[in-house]
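# Descriptive structure summary
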Amino acid sequence: MRRNLVVGNWKMHGNIKSNQLLLESLTDGLRDLKNSDYVVCVPNPYLFQARSLLEATNIAWGGQNVNQFEEGAFTGAVSPHMLTDLGCTYVLLGHSERRVLFHETNLSAAARFDAAIKADLTPILCVGETLAEHDAGLTEVIVASQMDAVMATLGDEDFARAMHLNMVFAYEPVWAVGTGKTATPEQAQEIHQFIRQRIARRNAGAASKVRIIYGGSVKASNAKELFAMPDVDGGLVGGASLNAKEFEAICRVANSLSSNPCLTEEDHIVS
Ligand code: 13P
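The paragraphs below set out a description of the structure included in this document. (Residues numbered from 1 in each chain as written. Predicted model: local features only at pLDDT ≥ 70, side-chain atom pairs only at ≥ 80, totals over all residues. Heavy atoms only, no water.)

Turning to the overall build of the chain, a few remarks are in order. In terms of regular secondary structure, the chain is built from 13 helices and 8 strands. A compact globule built from 271 residues would reach a C-alpha radius of gyration of about 18 Å, and the chain, at 17 Å, matches this within 12%. For the chain, buried positions account for 54% of its 271 residues. Nonlocal contacts in the chain, meaning residues at least 24 apart in sequence, comprise 75% of its contacts between residues at least 6 apart. (Helix = DSSP H or I, 4+ residues; strand = E, 2+ residues; numbered from the N terminus. Rg over C-alpha atoms; globule rule 2.2 N^0.38 Å. Buried < 20%, exposed > 50% of the residue type's maximum accessible area, 1.4 Å probe, protein only. Contact = heavy atoms within 4.5 Å.)

This is the structure:
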């Protein structure tokens, strides 16, 4: 059984004052929720603030991207160790906005994934098709190519390491991101199941343990029907994560649907 996970992706939003209000409200609102995991991925300049406000809470924080190199002349880049230095435990990788607006490729997602797990960061690999690809019936082809580009680079040891870190997949159909248009629960389930089956081709034991979360216009009003699907293990939330009450409501849905209150040591073992 898998524990639900809700991740807020703030994207390029926030300021010191608004972040403080949001994080204090979330800390308060989520305090009693024990059955799921909650994460906020904040802009890099606010990671220090996230750490100071979240470190004694049940909310983790993470980066929205990471560079594959440890250090060097890479102006504007942030290394995995810089994220862990600031207490990050998660990092988003391959988000569609990075792929489309910043021309990141499957290859660079693979390199970043590898660097993230080597630094003990739990990677959240985002996959998903554009509207044109969706309309052309290419969803599975695209999602498979995005997954395979990363999985193929992982040797057995790295795969086990990624599992130990509870790697996460996020299915985010690009046509649903920031559009107010959500995949139906059935559409989400179909692709989540496809993702799980693809992982099973590599390792059946791992497939049943990996969390696959859905992103794309998740709101309090649609979270329940989405998270209730058997292969949807929570959500990756953009716009709605900037509103404390809305994000809290989504986390409450995840919490109420999580049937497994905690991960055991056994859950980490890839058979
Ligand atoms: P929205 O929830 O705003 O559609 O964004 C989804 C997303 O991109 C999260 O990573």
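We are not done yet, so read on.
Moving on to the nonpolar core. Within the largest apolar cluster, 69 residues are counted, with the highest numbers of intra-cluster contacts made by Val40, Phe169, Ile195, Ile199 and Phe227. If we skip the residues at most four places from it in the chain, Phe169 touches Leu125, Met147, Met151, Ile195, Ile199, Val210, Arg211, Ile212 and Ile213. Core analysis: the next-biggest nonpolar cluster, separate from the first, contains 13 residues, Ala60, Leu92, Cys126 and Ile213 among them. (Core = buried A, V, L, I, M, F, W, Y, C linked by side-chain atoms within 4.5 Å.)

Moving on to the pattern of salt bridges. Per the counting criterion, the structure on display carries 18 salt bridges. Between Lys118 and Asp158 there is a salt bridge whose closest N-O contact spans 3.5 Å. One end of the pair, Lys118, is in helix α5 (residues 106-118); the other, Asp158, is in helix α8 (residues 156-164), and 40 residues separate them in sequence. The class for Lys118 is partly exposed, based on a relative accessible area of 47%. Note that Asp148 and Arg198 form a salt bridge whose closest N and O atoms lie 2.6 Å from each other. In this pair, Asp148 sits in helix α7 (residues 139-151) while Arg198 sits in helix α9 (residues 185-202), placing the two residues 50 residues apart along the sequence. In this structure, a network of salt bridges that share partners links the residues Arg2, Arg196, Asp231 and Asp233. (Salt bridge = Lys/Arg side-chain N within 4 Å of Asp/Glu carboxyl O.)

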